[in-house]
Each structure stands twice: as C-alpha cells, then as structure tokens.
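Next come the chains, spelled out residue by residue.
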Amino acid sequence: MSFKDILDSGKFAVTAEIGPPKGTDIKEMYHHIEVLKGKIDVANVTDNQSAVMRISSLAVCKIVLDNGMEPVLQMTCRDRNRIGLQADLLGASVLGIHNVLCLTGDHVNAGDHKQAKSVYDVESVQLLKIVEGMNNGKDMSGNDMKGGTNFYAGAVVTPEANPLEPQLVKFEKKVKAGAKFFQTQAIYDMEKFKSFMAYARKFPVKMLAGIVVLKSAGMANFMNKNVPGITVPQDLIDELKAAGKEKALETGINIAARHIKMLKDEKICDGVHIMAIGMEDKVPMIMEKAGLL
Amino acid sequence: MITGEQKPFDEIWNMVKDYKKVLVFGCNTCVAICHAGGGKEAEILASLLRMRAAQEGKTIEINHAAVERHCEPEFFQSVMDNVRKYDLVLSTACGVGVNLLSEHIGDVPVFPAINTEFFGAVPRAGEFTEFCAGCGNCILHLTGGICPIARCSKSLLNGPCGGTNNGSCEVSPDIKCAWVLIYDRMKQLNKLDQMKEINDAKDWSKAQGPRNFKVKLLEEIKK
C-alpha cells in the first residue's frame with residue numbers, strides 16, 4: 001500500500017526519519033533501515049537536516065526503496081533554485097519515489113557551512129504549487145512536460161509556534177497549495193495539541209503528530225530554551241527528573257509511547273512522525289509499548 | 001541610503017603597504033552618514049595609515065581628499081588631474097564609487113577601504129538597518145510596508161517559517177521575524193484577508209544584475 005492509501009484507509013500511520021550520514025560509510029544507516037523495515041509505514045529521509053551537509057535525500061530515498069520500504073523525499077528550498085528542485089522532483093519520480101515533503105529549510109546559519117549562499121528562490125508554499133503543477137504535467141513556467149509526476153505532497157506545521165496566528169495563516173496557504181498530509185514539530189502537550197487538531201480537522205488533510213523522545217530533563221530544558229515552537233510541559237520535566245539519570249531515557253521512551261497510544265486511541269490525529277535523532281534502534285520498542293506492534 | 005563599514009585596518013594596510021603615493025579619497029554622501037567613508041573618516045584613515053607606515057619603517061606619502069559624490073562623474077571630474085598623480089587611490093566610497101572612479105581614472109588602481117553593505121534606514125543615531133533589498137519588483141503594498149525580501153532571513157513570501165521564535169528570527173534573537181511584523185501590521189490595517197492570499201514565486205530576473213535603466217522622458221527629449 002502506498003503512503004496515501006495507508007492514510008486514506010484510516011490506519012494509524014507511523015513514519016520515522018532516516019538521517020543520511022556525512023560521508024560514504026552507510027553501514028549504520030543500512031542498520032537503521034533494517035531495524036525499521038516492516039515496523040514503520042514509510043521512512044522519511046531528511047534533506048541536509050539542520051543545514052548540515054550530508055548524502056542527498058534523493059540518493060538515500062532510492063536506497064530505502066531498494067531495501068523494501070516506501071520513502072518520503074524531504075525537499076528544502078535552501079540549496080536549490082526552482083530549476084534544481086524541479087529536476088530532482090522528476091529524478092525522484094522516475095526512480096519510483098512518489099512522496100514528497102515540501103519544506104523551506106533551516107537557515108545555513110544553523111549548519112556546518114555557515115558561509116554558504118542560501119537559495120530560497122521559492123519557499124514551501126510555492127514548492128507545493130510546483131509539485132501540483134508537475135502532477136498535472138506542467139513545469140513551473142507552464143511548459144508541457146513529456147510525462148507528469150504523481151507525487152503525494154506533504155508539508156510541516158508547528159502547532160505551538162509563538163505567536164500562533166501567522167503560522168496558521170501559512171498552514172492554510174499550504175493546504176490551498178496542495179499539501180495532502182502534514183507532519184508537525186515535536187508536540188508534548190496533549191491538551192494543546194487536541195485544541196490545535198480541533199482547528200486542523202476543518203481541513204481535508206492528514207495530520208501526523210511529531211514525536212521526539214526526551215532523553216533527559218536537561219534535553220527538555222534545552223529544547224524549551226533553544227528550539228522554536230517546542231514546549232515541554234513542566235510535569236514531563238518533573239517526571240524525567242524523578243526517574244533519575246539511570247532511568248531518564250526509559251522514562252522518555254515511556255512518555256513517547258504513552259502519547260502515541262493516546263493519539264491513536266482517542267483518534268486525535270492520523271498518525272505519528274517519530275524523529276528518533278540517533279535512536280532509530282528504539283523506534284520498534286516505542287511502537288511496541290504504544291501497542292502498535 | 002547606501003551603508004558601509006570600514007574594512008579591518010590590517011586588511012587596508014596590506015592593500016596599501018607596497019605603494020609610494022596614496023590618496024585616501026572620501027565620499028561625503030551616504031557613507032559619510034554611517035561614519036565610514038566621508039571626508040572626516042578619510043582624514044582619520046590617512047593619519048592612521050601614516051602612523052602604521054612610520055611604525056613599519058615604510059616611506060609612503062599618504063594624503064586625503066573628498067568630494068560630495070563618487071557615483072556621478074561630474075562630482076569628481078574637476079579634481080581628477082590631481083587624483084591621477086597618485087599611484088593608488090584608496091576609496092572610502094561605496095562599491096559604486098570604486099567602480100565608476102576606476103572607469104575614469106586611467107592606469108591608477110582604486111581599492112576599496114569599506115565593505116558596502118545594504119540600503120538602510122537610521123532608526124536611531126548610529127544604528128543602521130536593512131529595509132530594502134533593491135529587488136526590482138516592489139511588493140510593499142502587499143505586506144503592510146514591511147519588506148520580507150530584505151527583512152526575512154529567507155526572503156519568504158507567504159508567512160513565517162518554523163524558526164519564528166517569540167517574534168524573533170531563528171538566525172538571531174536580535175532580528176525581528178518579518179512575518180510577525182507583517183502579521184501585526186496587516187491586522188492593524190484590517191487587511192488580514194489579504195495576507196491569506198498565496199504570493200506566487202518571485203520574478204528574480206528583476207533582482208539580478210547587471211541592471212541599468214534610462215529615464216524615458218529624457219530619452220524622448222533627446223530624440
């Protein structure tokens with residue numbers, strides 16, 4: 001079943017990230033693919049995540065596909081202009097990659113090539129429109145193409161952005177521009193997420209809640225201070241603290257599993273997107289604890 | 001106005017140290033306002049270079065001068081005979097001035113003493129902020145008079161990215177998120193509906209150089 005079919009079927013979908021490495025040694029990445037295969041529904045391949053140079057998302061999507069998993073091509077607008085983006089979309093399409101997540105992309109300032117020239121010729125909303133056009137056989141300039149694409153396009157949203165209103169204006173534009181599925185920034189406050197979903201349910205899109213496992217109270221505090229749009233509530237920080245250093249990770253995994261179970265059981269959203277960030281090995285355990293395996 | 005900042009002194013010294021007769025040539029318009037390249041700054045720079053030359057045991061004749069503008073030939077033509085007597089002109093004008101002077105000076109090199117930066121406003125004395133990117137296709141009527149091309153780190157056209165952070169930009173807490181400013185302004189103007197319209201991809205061909213234009217009316221008169 002394709003990712004679209006899975007979401008349309010009403011099955012609670014699970015996606016996880018595969019982060020391409022820096023360098024040609026892909027043994028560890030292969031291991032992650034093996035661990036996740038047969039467990040998650042699709043693997044979401046990041047695109048020079050955090051503006052750190054790595055193997056291209058497109059190449060790793062092909063590896064994921066060849067290894068029996070359906071990939072989602074993450075595509076940011078930071079490193080390629082409209083010609084490069086469209087060329088890679090066509091390339092992905094002929095390689096059998098048919099899911100694309102359209103992102104603006106972290107600023108080069110966040111990464112390891114801070115002196116790079118950012119592109120941002122187009123941005124996420126416009127990229128979604130480009131994909132829609134290519135699905136209809138036209139390039140961005142309106143030229144007919146010999147064979148169109150068939151992408152299932154998605155985008156991201158930050159339910160706890162501060163301030164929220166401008167973020168929601170953009171969310172609605174993304175829907176209008178053709179996004180069919182969304183994955184969110186990491187969420188931790190279920191009540192707040194429920195109220196976001198009460199709003200988001202008005203739109204004909206599938207929503208995957210972003211899950212990032214908390215490894216410690218320190219990590220939670222760090223994210224609260226440094227990561228825009230992420231708020232870990234104090235009661236979760238207290239829970240991690242009370243667990244002590246030894247059991248903090250286990251507690252973080254339990255929190256993630258608890259949240260996923262709640263999201264599924266209460267039918268709050270259509271699935272989850274697990275950003276393991278180096279803990280891909282733990283994803284099956286989280287899914288098991290959440291009652292998904 | 002065009003803003004600029006003086007280059008690090010060592011970089012300037014390395015440009016001039018092997019020349020014998022150097023003119024530090026200031027421009028009294030834009031770069032004078034940002035205290036980087038006016039007559040006064042040219043004079044100070046010349047004297048710092050003389051001190052450095054003395055310290056290093058180099059014999060260099062270093063003088064200074066300034067004109068009102070380096071971006072139009074009529075402002076410097078009258079002094080060019082004197083300017084050409086030097087074997088290096090160290091210009092404290094913006095890059096436009098360095099280019100134009102180079103076209104007119106003949107076989108004397110013109111080096112830049114400042115880094116030309118941006119079109120800026122002066123919100124407070126001594127502070128300069130980029131407000132316009134000179135992109136050739138103004139959309140300020142759509143964004144409440146706040147330019148996302150110049151003031152958003154990613155020049156986004158349809159709203160804030162996920163890096164918007166309590167009104168600041170992910171790049172730096174000192175940069176205000178242009179799209180939060182635009183949202184607030186559009187709300188104030190009761191034009192939020194307009195903000196919900198998708199802005200199509202920009203025609204960047206108008207932002208890319210080399211650019212030039214001629215005033216149509218003057219062309220007609222010439223004919």
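As shown above, the structure is provided for reference.
An account of the accompanying structure is given in this report.

The rules behind the values
The residue numbers shown here count from 1 along each chain, following its written sequence. Written order determines the labels here, with chains lettered from A and ligands numbered from 1. With the structure being a predicted model, the display of local features is reserved for residues of pLDDT at least 70 and the display and counting of side-chain atom pairs for 80 or more, all residues being used for whole-chain, interface and lining totals. Under the scheme used here, helices are H or I runs from DSSP no shorter than 4 residues and strands are E runs no shorter than 2 residues, and both carry numbers assigned from the N terminus. The globule rule used here is 2.2 Å times the number of residues to the 0.38 power, and the radius of gyration it is set against is calculated over C-alpha atoms. Three classes are used. A residue is buried when 20 or more other C-beta atoms lie within 10 Å of its own, exposed when 12 or fewer do, and partly exposed in between, with C-beta atoms placed from the backbone. Residues are scored as being in contact if the C-beta atoms we place from backbone atoms lie within 7 Å. A set of buried Ala, Val, Leu, Ile, Met, Phe, Trp, Tyr and Cys residues, joined through C-beta atoms within 7 Å, is what we mean by a nonpolar core. Any helix carries an expected span of 1.5 Å times its number of residues minus one. Along the arc lie the directions from the helix axis toward the C-beta atoms.

Attention shifts here to the overall build of chain B. A tally of regular secondary structure across chain B gives ten helices and seven strands. Taking 17 Å as the expected radius of gyration for a compact globule of 223 residues, we find that chain B reaches 22 Å, considerably beyond that expectation. In terms of principal-axis extent, the alpha carbons of chain B reach across some 65 × 55 × 25 Å. Scored against the burial criterion, the 223 residues of chain B give a buried share of 35%. The contacts in chain B between residues at least 6 apart in sequence include a share of 55% that link residues at least 24 apart.

All names here are of chain A. Among the nonpolar cores identified, the biggest contains 85 residues, and Leu73, Cys102, Val131 and Ile286 are the most heavily contacted of them. Considering every element that reaches this core, the biggest residue donor is helix H9 (residues 234-265), with eight residues. Sequence-distant contacts of Val131, defined by excluding residues within four places in its chain, comprise Leu89, Val100, Cys102, Phe151, Ala153 and Gly178.

Side chains that are three or four residues apart share a direction in an α-helix, a result of its 3.6 residues per turn. Residues and elements named next belong to chain B. In this model, helix H3 (residues 39-56) (18 residues) spans 26 Å end to end at C-alpha, consistent with the 26 Å of a helix rising 1.5 Å per residue. Among the residues making up H3, those that are buried are Glu41, Ala42, Leu45, Ala46 and Leu49. Take H3 and look down its axis: the buried residues cluster within an arc of 135 degrees, on one side only. Pointing more than 90 degrees away from the buried face of H3 are the exposed residues Met51, Ala54 and Gln55. Structurally, H3 contributes buried residues whose contacts are with helix H1 (9-16), strand S2 (21-27) and strand S3 (61-67).

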